[in-house]
Amino acid sequence: MIIVEPYRGTPVSEHRVEIVERKGTGHPDYLCDSMMEAVSIALSREYLREFGTVLHHNIDKGLLAAGRVEKRFGGGRVMKPMELTIGDRATFKAGRKRIPVVDIAVDAAQRWLKENMRFVDPKKHMKYRAVLAPGSEELADIFSRPGRTRGANDTSAAVGYYPLSPCEEVVLGLERYLNSPRFKKNHPGTGEDIKVMGLRTGKVLDLTVAMPLLCRHIRSEQDYFENKEFLIRDMRKYVQRFEGFREIRIHFNSLDEKGRGLGGVYLSLLGTSAEDADSGQVGRGNRVNGLISMNRPMGTEAAAGKNPVSHVGKIYNVLAHKIAKDLYENIEGIREVYVLLLSRIGTPIDMPQMATAQVLLERGKRVGEIMGQAEYIFKREFANINRFCTRLSKGNYPIC
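Presented here is a report on the structure given in the accompanying data block. Here the structure is a predicted model, which means the values were calculated and not measured.

Conventions we followed
- Residues numbered from 1 in each chain as written.
- Predicted model: local features only at pLDDT ≥ 70, side-chain atom pairs only at ≥ 80, totals over all residues.
- Heavy atoms only, no water.
- 1 Å grid on protein atoms, 1.4 Å probe; cavity = no way out; pocket = protein on both sides within 12 Å on 5 of 7 lines; lining within 4 Å.
- Points joined across faces, edges and corners; volume = space filled by probe spheres on them.
- Helix = DSSP H or I, 4+ residues; strand = E, 2+ residues; numbered from the N terminus.
- Nonpolar A, V, L, I, M, F, W, Y, C, P; charged D, E, K, R; others polar.
- Patch = residues over 30% accessible without salt bridge, like charges linked within 9 Å, V, L, I, M, F, W, Y side chains within 5 Å.
- Areas by Shrake-Rupley, 256 points an atom, 1.4 Å probe, with all protein chains shown as cover.
- Salt bridge = Lys/Arg side-chain N within 4 Å of Asp/Glu carboxyl O.
- Buried < 20%, exposed > 50% of the residue type's maximum accessible area, 1.4 Å probe, protein only.

## Quick look at the layout of surface pockets
Link 1 in the chain: Roughly 800 Å³ of internal volume is contained in the largest pocket.
Link 2 in the chain: Broken down by secondary-structure element, the contributors of at least two residues to the lining of the largest pocket are α1 (28-51), α2 (101-116), β10 (157-162), α4 (166-178), α5 (181-186) and α7 (312-330).
Link 3 in the chain: Examining the composition of the lining of the largest pocket, we find that six residues originate from one element, α7, more than from any other.
Link 4 in the chain: Of the residues in the lining of the largest pocket, the class split is 16 nonpolar, nine polar and eleven charged.

## Details of empty space enclosed by the protein
Link 1 in the chain: Scanning the model with the defined rule gives two cavities of 30 Å³ or more in all.
Link 2 in the chain: Of the pockets and cavities examined, the largest cavity occupies roughly 100 Å³.
Link 3 in the chain: Considering the residues around the largest cavity, the lining is formed by D33, G283, N286, R287, V288, G299, E301, A302, A303, A304, N317 and I399.
Link 4 in the chain: Its residues assigned to classes, the lining of the largest cavity shows five nonpolar, four polar and three charged.
Link 5 in the chain: By volume, the second largest cavity amounts to about 80 Å³.
Link 6 in the chain: Along the walls of the second largest cavity sit 13 residues, with V159, R287, P297, M298 and H321 positioned nearest its centre.
Link 7 in the chain: Elements that contribute at least two residues to the lining of the second largest cavity include exactly β10 and α7.
Link 8 in the chain: Class assignment of the residues belonging to the lining of the second largest cavity gives a composition of six nonpolar, five polar and two charged.

## What about a nonpolar patch on the surface?
Link 1 in the chain: On the surface, V17, I19, L199, M294 and M298 cluster together into a nonpolar patch covering about 390 Å² of accessible area.
Link 2 in the chain: Checked against the element boundaries, V17 lands in strand β2 (residues 17-23).
Link 3 in the chain: Owing to a relative accessible area of 40%, V17 belongs among the partly exposed residues under this scheme.

So this is what it looks like as structure tokens:
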């Protein structure tokens, strides 16, 4: 069923208060989500190569336990490595062929670390514990049933929206800038574990940024605070490109306190707080559009690592945002749109129990005027859902 109805609220950008968070590349939750998703992509690739189809798996139960390091100005050492627990279900055998699931999982996690964390040695600084087992017979049987599309393996709801508010754009853009290759080349002494929290009150945006400086690049407390001032100036210059705010304030590493030595500065040996301070878990990080927006409706599914061809907790989460963007960009007169999707377990994924668009229209525009266009976009997306799932299985859509 497809329903298009008016959205009865006001645009998020017109709320007096808006709160938006972004956890960056090296944040323990981001690490966990990304490595579990890398495992799902690697397994999907292997299943396709061996059997011509993606088989049952859900690698969406992951835990990154923090390690222990000794830090000092100018360097330090790893005393206890981090530990990644990889769960939950996978297909180890189909017919007479066996798949080295654990080897694939560990290799995928190590590859992701090598490509994204400059100072983490995937073999020395991380231990891996695979807690993977075959899935239940009924859920695995979904992949053997006839039909053009898979049946949903869960009853699950998802929500997506578009466009991003100016506050969301700033929070997302600033973290992406601070973790960009260009920024890291210019500021090699900064870590990847970045968190940006935005608080907009009216036209004033307060940004609280956490980003460690690397021990090997900081020789003293004075050196730390001199570098910190330089980095704040760089951030202030970057955010000047964003319009619509009377003022943008930046608070950087707010726990710092001069005169307390190592206890008053945010230093990191490996670039992530998972080295000794904070553990990570799948599903605690960003939603699939890269943000945690308090003013928006949010689903509770952890998309990372889920099966890309039958688990609607992943498919519908990403698809809801895609459909919202398509509606906004292709239908004139939409100011803001929310898309809600609901599956019923066992029903083909191209036949949602409910697909709803809640549209906030420009003054004078009526829902009846856009109904046909909106329904067409919904139907087109679900008609092409197999193609969408193939792209999802290849990692073409970011999930954190």
